[in-house]
Amino acid sequence: MPKYHLTLTVNGEPREVLIDPRRTLLDVLRNSLDLRGAHRGCDSGDCGACTVLLNGRPITACMALAADCEGMAVLTVEGITPNGSLHPVQRALVDKGGIQCGFCTPGMVMAAVALLNDRPCPTAEDVREGLAGNLCRCTGYKKIVDAVLSAGAER
Amino acid sequence: MSTVVGQRLAKLDAPDKATGRTVYGHDVRLPGMLHGRILYSRHPHARVLRVDVSRALKLPGVKAILTAADNPSAKFGYGKDNTPLKGEVVRSRRDEVAAVAAIDADIAEEALGLIEVDYEPLPAVFSAQASLQAGAPLIHEEQGSNLFKQYRYSHGDLEIGQRESDVTVEADFELPYVAHAAMEPSVVVAAFDQRGHLTLYSTTQIPFLLQRDLAEALGMEGSEIRVIQTAIGGAFGRGLDIYPFEPIAALLARKAGRPVRVSFSRSEEFLAAPLRQPAQVHVRAGARRDGALTFRDVSALLDIGAYVSWGSVTPLVMMETTASLYRVPHVRFSADCVYTNNPITGAVRGYGNPQSTFFIETMMDRLAVALRLDPVEFRLRNANRPNEDTPQGLKITSCGLKECLEAVAARADVESEGTRAPGSQGGRPGLVAGLQAPSSHLKRGIGFASTLNVGGGARIYRSDGCGATVKVDDFGHVSLITGSTEIGQGSETVLAQIVADVLGVSLQDINVLNSDTDIKPWDVGVHASRTTFIAGNAAQLAALDARTQIFETAAEMMRVTPDKLAARNGHIVVMDGELPATPARSIELSKAARARHFREGGQVISGEGWYDPPTRLVDKETYKGNISATYGFGAQMAEVEVDTETGRVRVLRLVCANDVGRAINPMAVEGQIEGGTQMGLGYALTEEVIVKDGRVLNPDFLDYRLFTTADMPELETIIIETDELLGPFGAKGVGEMGGTPTAAAVANAIYDAVGVRLTTVPMTPERVLQALDQKAAH
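Visitor: An account of the overall build of chain B is requested, with residue identities and associated values reported.
Guide: In terms of helices and strands, chain B carries 18 helices and 31 strands. Relative to the 2.2 N^0.38 estimate, which gives 28 Å for 778 residues, the radius of gyration of chain B is 28 Å and therefore close to what a compact globule would have. With the C-alpha coordinates of chain B rotated into their principal frame, the extents come out at 90 × 75 × 50 Å. The buried share of chain B, taken over its 778 residues, is 60%.

Visitor: Before we move on, could you go through the sheet that holds strand E19 (residues 466–472) of chain B and cite the residues and values that matter?
Guide: Residues and elements named next belong to chain B. The strand order across the open sheet built from four strands is E21-E20-E19-E26, with neighbouring strands paired in mixed fashion. Each having just a single partner strand, strand E21 (510–513) and strand E26 (606–611) make up the two edges of the open sheet. Direction aside, the axes of adjacent strands within the sheet are offset by 15° on average. Two elements, E19 and strand E20 (residues 478–482), share five bridges in a ladder whose sense is antiparallel. When the bridges of E20 are listed, Val 470 appears paired with Leu 480. The strands touched by helix H14 (residues 531–558) within the sheet are E19, E20 and E26, with E26 carrying the most contacts at an inclination of about 150°.

Visitor: Just give me the short version of the packing of helix H2 (residues 88–95) of chain A against helix H3 (residues 105–118) of chain A, but keep the residues and values in it.
Guide: All names here are of chain A. At a minimum axis separation of 9 Å, H2 and H3 run at an interaxial angle of 130°. It follows from the interaxial angle that H2 and H3 lie oblique. Pair H2 / H3 crosses with right-handed handedness. For the pair formed by H2 and H3, the contact residues are Val 89, Gln 90 and Leu 93 on the first element and Thr 105, Val 109, Ala 112, Val 113 and Leu 116 on the second.

Visitor: An account of the interface of chain B and chain A is needed here, citing residue identities and associated values.
Guide: Every contact between the two is made by 42 residues of chain B and, on the other side, 41 residues of chain A. Counting only elements with at least two residues in the side of chain B that touches chain A, the list comes to helix H1 (14–18) and helix H16 (666–685) of chain B. No other element matches H16(B), which puts seven residues into the side of chain B that touches chain A. Its residues assigned to classes, the side of chain B that touches chain A shows 19 nonpolar, 16 polar and seven charged.

Visitor: So what's going on with the domain arrangement of chain A? Which residues, and what values?
Guide: How big an interface is tends to be reported as the loss of accessible area on association of its parts. Residues and elements named next belong to chain A. Structurally, chain A comprises domain 1 (4–79) and domain 2 (88–154). The C-alpha centroid of domain 2 is placed 21 Å from the C-alpha centroid of domain 1. Taken together, the contacts link 14 residues of domain 1 with 11 residues of domain 2. The set of elements that each furnish at least two residues to the side of domain 1 that touches domain 2 consists of strand E3 (51–54) and strand E4 (57–60).

Visitor: Help me get a handle on H14(B), residues and values and all.
Guide: Residues and elements named next belong to chain B. Compared with the 40 Å implied by 1.5 Å per residue over 28 residues, the 38 Å span of H14 between its first and last C-alpha is a close match. Burial analysis of H14 places 20 of its 28 residues in the buried class, the great majority of the element. Once H14 finishes, Arg 559 follows within two positions and takes phi at roughly 55°, a positive value.

Visitor: Lay out H2(A) with the relevant residues and their values.
Guide: All names here are of chain A. Counting buried positions along H2 gives six out of eight residues, so the element sits mostly inside the fold. Taken together, the buried positions of H2 are occupied by Pro 88, Val 89, Gln 90, Ala 92, Leu 93 and Val 94. Residue Gly 97 follows H2 closely and has a positive phi angle near 75°.

Visitor: Kindly report on the pairing of strand E6 (residues 116–121) of chain B, identifying the contributing residues and their values.
Guide: Residue and element names in this part refer to chain B. The buried count for E6 comes to zero of six residues, which makes it a mostly uncovered element. Here strand E2 (residues 46–52) runs beside E6; their pairing, made up of six bridges, is antiparallel. Each bridged residue has a counterpart across the sheet, and for Arg 47 the counterpart in E6 is Glu 120.

Visitor: Got a sec to walk through the packing of H2(A) against helix H5 (residues 142–154) of chain A? Specific residues and values, please.
Guide: Residue and element names in this part refer to chain A. With their axes 8 Å apart at the nearest point, H2 and H5 run at an angle of 135° to one another. Accordingly, the angle class assigned to the pair H2 and H5 is oblique. The handedness of the crossing between H2 and H5 comes out as right-handed. Facing Pro 88, Val 89, Ala 92 and Leu 93 of H2, the residues of H5 in contact are Ile 144, Ala 147, Val 148, Ser 150, Ala 151 and Glu 154. For the contact of H2 with H5, the per-class residue count stands at eight nonpolar, one polar and one charged.

Visitor: Please provide a residue-by-residue account of the confidence of the model for chain B, values included.
Guide: Residues and elements named next belong to chain B. For chain B, mean pLDDT is 95; residues scoring 70 or higher make up 97% of the total. Between residues 417–438, whose pLDDT stays under 50, and residues either more than four places distant or in other chains, the model counts 41 contacts. Reported for the predicted complex are a pTM of 0.96 and an ipTM of 0.98.

Visitor: Give me the nonpolar core: which residues, what numbers.
Guide: Residue and element names in this part refer to chain B. Formed by 293 residues in total, the largest nonpolar core has its most connected members in Leu 252, Leu 480, Val 499, Val 746 and Ile 750. Per-element accounting of this core gives the leading share, 12 residues, to H14. Leu 252 has contacts with Gly 36, Ala 64, Leu 66, Ala 99, Ala 101 and Val 260, leaving out every residue within four places of it along the chain.

What counts and how
- Residues numbered from 1 in each chain as written.
- Chains lettered and ligands numbered in written order.
- Predicted model: local features only at pLDDT ≥ 70, side-chain atom pairs only at ≥ 80, totals over all residues.
- Helix = DSSP H or I, 4+ residues; strand = E, 2+ residues; numbered from the N terminus.
- Rg over C-alpha atoms; globule rule 2.2 N^0.38 Å.
- Buried ≥ 20, exposed ≤ 12 C-beta atoms within 10 Å, placed from the backbone.
- Pairing = 2+ DSSP bridges.
- Axes fitted to C-alpha atoms, helices over the stretch in contact; angles between N-to-C directions.
- Contact = placed C-beta atoms within 7 Å.
- Parallel < 35°, antiparallel > 145°, perpendicular 65-115°, else oblique.
- Left-handed = near helix turned anticlockwise from the far one by under 90°.
- Nonpolar A, V, L, I, M, F, W, Y, C, P; charged D, E, K, R; others polar.
- Domains from an automatic or database assignment.
- Expected span 1.5 Å × (residues − 1).
- pLDDT = per-residue confidence, 0-100.
- Core = buried A, V, L, I, M, F, W, Y, C linked by C-beta atoms within 7 Å.

Okay, structure coming up:
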């Protein structure tokens, strides 16, 4: 199959890769670009563990054909702070016990970052709705919602 | 007051998890690694006539293909009835017929499509009843019967119990398949070195038992197998046994001469990972007019699927809920575990307890209503108490069941934060339905349920032990090497807190090594809420041993006797009784460590601990015995709103109280309980793996509904501390209790709201409406 030449801006850096045109954005991030923070939990857009921001909007990377993202800006969990330090959302998730197995966490972080970009001071209801596409099997969500609320209040 | 134990400290592994640095199984990449895929059976029961892999082998990029011809001779699994690939007969649609290793996952997938298999379908059975009927097809012909195992337990005399009863209640329960639904699907990477030794990167919960099981399955020695646990993206009981994909990965790696990763898709996870076994349960129970329980009679039929795994041992736990938790003088419990052509079943968090607590606690509610007693008063009247030996042989030590029930009951009159729907009744509703405004289709109710869970290990294997080593280096940095595994629950942090407290250092001074069978000491595995208690005791013993060594050197250095020393804030301090001596005398821990290392005849600082609790295996005939060193207790109160027009149940509020002995880390304890409720609420209302003719019909998260942030009720978690004498710093296990009583509390609340009793979970709108219709028809 002829390869597709994909150009993306990933975490602020220009990236070019030759890909099989059937590849999803998640495949390209994890396998071609070695960014493994986005996790593959279902490959059908249901769990949210691969949430990244595409041109600032949260998407499940497993549902986006990479070639459709041509020329766009992708932000992953690896790129939300300049030097790998903790973003306020990450800090709050760590401090408030919002992380157990951690498999859903990068997706949860990205969904929360997108939410706070839209609504810097969300209500509990906003957070519950905003994170409803991100499944977690460990925490019961309470500490995740509390963490995102406190990260919002801090800003 | 300790600065470490009892504190709400962040998990040690959380920052890396938050930033995406953590390496999970699907992140493992080894040089030359191939991708393995498995071909499953097209039929639930069939003779395999021909497997032709010749076309697949010609596909460029395919490096190895396995069929049953590649199987080693020994069978494996809990019931020793399984093989990696299936040869003559397939017994379920999850049966592995062939497996491919290729240079990428697409080629492996394409190769599966090129493998030709001819089957001769055989008659199949899809329910435990059908499987037990005369003339039913045999799942494992060589066993001569589809009945794998029977459990028969009794105490007292049922006849007497029935005679003494003023009220008797009776019901049939139907309990579904449930998935662990860990966010990370199953994954394994197998690699052989030039010696022929195997390294397995695995998400198992039982690395040491897996070593042994794999050795048996592969015809190797256990000493030739090393299990390295990657970060584990949730487990919940999924990793308690060996499953065929593990030896398959190893056999592929051996055949191809390269490392192989087998990584399940989500739909494969629903099909091939073990599920909670479905059960049909008949229950009768009685009580006297004064509220004393008289008898219980439970018979259960469990569908364990085509191969046996630990799901077949869950009756041990079911009988515990049946025979203990409350004082019941006369009990009979029976369970039959039956083979069918359905998917395999294992144990999901709670290990049979969510099932039994659902039927026991809804029956308690029926009795309370029949006796016109307050459901909490009725439970308190019969509850197990501290230092009580139950007829089953459980030696209850600390017991906060009373405090738990009282704590949740005290929250019953509190208004929930959620907006009250118009027309619905606020405050505490009546115990019987019909008290609310008839104009509204939204009815509110509250319900209670209790739970008992092992809290001091569970001896289901000869040893219930765990080992630990504590090493102190020249910089005062501490390594805890523990047999026990972090599966997300936070054990790493809790064990580090225990060690930090003993050595007087901060949590950040401790590194926990817990993932490599070549390094860590033996442990039976992460199950039965045992880690804080068992591994915690082992870690404490190891830390005390290391401290003794340090004190010995520090005492020489400061010319005092070791009994005058304490470890505080990274220093070894000379004490005058309970207080530091004046003038203050101390040296840094690191200095004492260096002195011990560098002096003539120096010694390493290495403390060792081994803890195996004072318990025993249950008797093989009577099933009596004290399998856990202590027991955890809990109670929940659910407030629900039932829409009588749609049948939809919303849980508005869930209040949980748990006796955890002592919370080493209250934030982590809350996390366990809150997380448990998400599973318990799913069990109550949304989660069911629908299996028809042996086929999983809803193998994805769109159709298998987990509770999301938007579905969760207001959660309140109350920690009850009873200071367990045998526990490390007084702690007991809490890992499974969060979700155990939830379904019963919700069912009891539904009854309180609308007067119908559901005996099946999940309590979907259809089922609630059906129950309402039946009630209206009577």
